[in-house]
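Summary of the model geometry
Chain by chain, the residues:
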Amino acid sequence: MSVPVPIVIDCDPGHDDALAILLAAGDPAVDLLAVTTVAGNQTLDKTTLNALRVCTVAGLTEVPVAAGCASPLVEPLRVAEDVHGVSGLDGPRFPAPAVVARPEHAVDLLARILAGHPEPVTLVPTAPLTNIALLLTRHPEVAGRIGEIVLMGGSTERGNTTPAAEFNIHTDPEAADIVFRSGVPLTMCGLNVTHQALATPEVVARFEALGTEPGRICAELLGFFAGTYRRLWGFPAPPVHDPVAVARVLDPGLVTCVDAHVAVELHGRHTRGATVVDLHGTLGRPPNARVAVALRTDAFWDRMVAAVAALGGGPGRGAPATGDGTGP
Ligand code: RIB
Ligand code: CA
């Protein structure tokens, strides 16, 4: 067994963010140091409450949770209530959170972890990049302590929020531009690859068959998400975007990537927030990202289901608590 990769997930739960947290919590290949939240799918208070709910289900009582930015750098916040519901995590009934958010700002927690951890830390943003952009601008001294940024966002093809732009990038294009131009090693898992991670009825049945609280939560999250994706986009099954970024970290062989230059469009009247991915090097600019292009879907779901199974937790309760809530 190789040494677990230390990671922080920066998220906006969000149904697929929830599965990303559960994957990281249950898979031994990563060491989840913290969960930070940002406004995106819903307002910051709701994404933070949802992160606490998911950490409770996962038994993550010693992993610090901290709230970050309540709005994008420039754009007004436009939540995705039509996708994730009023709570941001509609569908399942959650136990009351057994953990509380730390009082410090997410950006300060990220800077403290990066400065203090003995090894470089991988950041896994699965949300608008507002917190990460602020980290890089306010704490430039810790950029060298970031092993890699492996994000869910963008697309090599069409968008989902506009024909050109994917939600995480479109919500805060200025933040995304800062991150993609930062020079920090970066992997982009865009819609072109996350649309390969479809939670089919067979996948949902595997979560239900676990007979555990985390398994029930996953099945019910996916049931709600399926209704959204059928209603809004005619998908036969919902793509779970965010766990693909975690999967890339825990086993790079699950996600095939190519090096390419990626630019974030800030000024296009119809294309603002688009990720312009130069897959064939036609502009002659040096690559600034690894871009995910393929997913080993069956192996991905095997890993996802195994992680949730590892969380244990009986039918009526969350996974056993793992600590006293103090943590780093
Ligand atoms: O476009 C999909 C992304 O936007 C996912 O991260 C989803 O949770 C939303 O944040
Ligand atoms: Ca998300």
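So, here is what we can say about the structure in this document.

Conventions and cut-offs
- Residues numbered from 1 in each chain as written.
- Chains lettered and ligands numbered in written order.
- Predicted model: local features only at pLDDT ≥ 70, side-chain atom pairs only at ≥ 80, totals over all residues.
- Heavy atoms only, no water.
- Helix = DSSP H or I, 4+ residues; strand = E, 2+ residues; numbered from the N terminus.
- Rg over C-alpha atoms; globule rule 2.2 N^0.38 Å.
- Buried < 20%, exposed > 50% of the residue type's maximum accessible area, 1.4 Å probe, protein only.
- Areas by Shrake-Rupley, 256 points an atom, 1.4 Å probe, with all protein chains shown as cover.
- Lys, Arg positive; Asp, Glu negative; His and termini not counted.
- Charge placed at Lys NZ, Arg CZ, Asp CG, Glu CD.
- 1 Å grid on protein atoms, 1.4 Å probe; cavity = no way out; pocket = protein on both sides within 12 Å on 5 of 7 lines; lining within 4 Å.
- Points joined across faces, edges and corners; volume = space filled by probe spheres on them.
- Nonpolar A, V, L, I, M, F, W, Y, C, P; charged D, E, K, R; others polar.
- Donors = N, O, S within 2.8 Å, 3.2 Å for Na, K, Ca; no water.
- Axes fitted to C-alpha atoms, helices over the stretch in contact; angles between N-to-C directions.
- Left-handed = near helix turned anticlockwise from the far one by under 90°.
- Contact = heavy atoms within 4.5 Å.
- Disulfide = S-S within 2.5 Å.
- Near = heavy atom within 4 Å.
- Polar contact = N/O pair within 3.5 Å; in protein donor to acceptor, adjacent residues only side chain to side chain.
- Sits in = over half its atoms within 2 Å of the grid points.
- Core = buried A, V, L, I, M, F, W, Y, C linked by side-chain atoms within 4.5 Å.

Quick look at the overall build of the protein
When its secondary structure is counted, the protein shows 12 helices and 9 strands. In terms of overall dimensions, the protein is globule-like: its C-alpha atoms have a radius of gyration of 18 Å, near the 20 Å expected for 328 residues. Viewed in the frame of its principal axes, the protein has a C-alpha envelope of about 55 × 45 × 40 Å. Here the protein holds 328 residues, and 58% of them are scored as buried. Just so you have it, the protein exposes about 12,400 Å², and 56% of that area is on carbon and sulfur atoms. If you average the places of the 22 positive and of the 34 negative side-chain charges in the protein, the two averages end up 2 Å apart.

Comments concerning the layout of surface pockets
In this approach, a probe sized like a water molecule rolls over the atoms, and the result shows the empty space that is left. Counted as a void, the largest pocket has a volume near 350 Å³. As for the largest pocket, its lining consists of 23 residues, and the residues nearest its centre are N41, A80, V83, T161 and F167. Only helix 3 (81–84), helix 6 (167–171) and helix 10 (213–233) provide two or more residues apiece to the lining of the largest pocket. When residues of the lining of the largest pocket are assigned to their parent elements, the largest contribution, 4 residues, is made by helix 6. Residue classes in the lining of the largest pocket are distributed as 8 nonpolar, 9 polar and 6 charged.

What about the coordination of the calcium ion (ligand 2)?
For the calcium ion (ligand 2), the full set of protein donor atoms is D12 (OD), D17 (OD), D17 (OD), T126 (O) and D242 (OD), and the range of their distances to it is 2.2 to 2.7 Å. Between consecutive donor residues of the calcium ion (ligand 2), the sequence gaps follow D-x4-D-x108-T-x115-D. Here D242 lies in helix 11 (residues 242–250) and D17 lies in helix 1 (residues 15–26), a separation of 225 residues in the sequence. The exposure class assigned to D17 is buried, which follows from its relative accessible area of 1%. Note on D242: relative accessible area 1%, which makes it buried.

Looking at the packing of helix 1 against helix 2 (residues 44–58)
At a minimum axis separation of 10 Å, helix 1 and helix 2 run at an interaxial angle of 35°. As helix 1 runs across helix 2, the sense of the crossing is right-handed. Facing helix 1, whose interface residues are A18, I21, L22 and A25, helix 2 presents V54, C55 and A58. Its residues assigned to classes, the contact of helix 1 with helix 2 comprises 7 nonpolar, no polar and no charged.

Focus: the state of the cysteines
If you walk through the whole model with that rule in mind, you get 0 disulfides. We note that C218 lacks a disulfide partner, and the nearest cysteine sulfur, in C55, lies 13 Å from it. Note on C257: no disulfide assigned, nearest cysteine sulfur contributed by C189 at a separation of 6.0 Å.

Here we look at the site of ligand 1
Taken together, 13 residues surround ligand 1, and among them D16, N160, E166, N168 and D242 come closest. Interatomic distance of 3.1 Å between a side-chain N/O atom of D12 and an oxygen atom of ligand 1. One of the side-chain nitrogen or oxygen atoms of D17 is found 2.9 Å away from an oxygen atom of ligand 1. In isolation ligand 1 has 270 Å² of accessible area, and contact with the protein removes 97% of it. When atom positions are compared with the pocket grids, ligand 1 is found to occupy the largest pocket. Those elements that provide at least two residues to the shell around ligand 1 are helix 1 and helix 6. Among the residues making up the shell around ligand 1, the classes are represented as 3 nonpolar, 5 polar and 5 charged.

Remarks on the nonpolar core
If you look at the biggest cluster of nonpolar residues, it comprises 67 residues, and the most contacted ones within it are I9, V35 and F207. Ranked by size, the runner-up nonpolar core spans 41 residues in total, among them L33, L109, A133 and I169.

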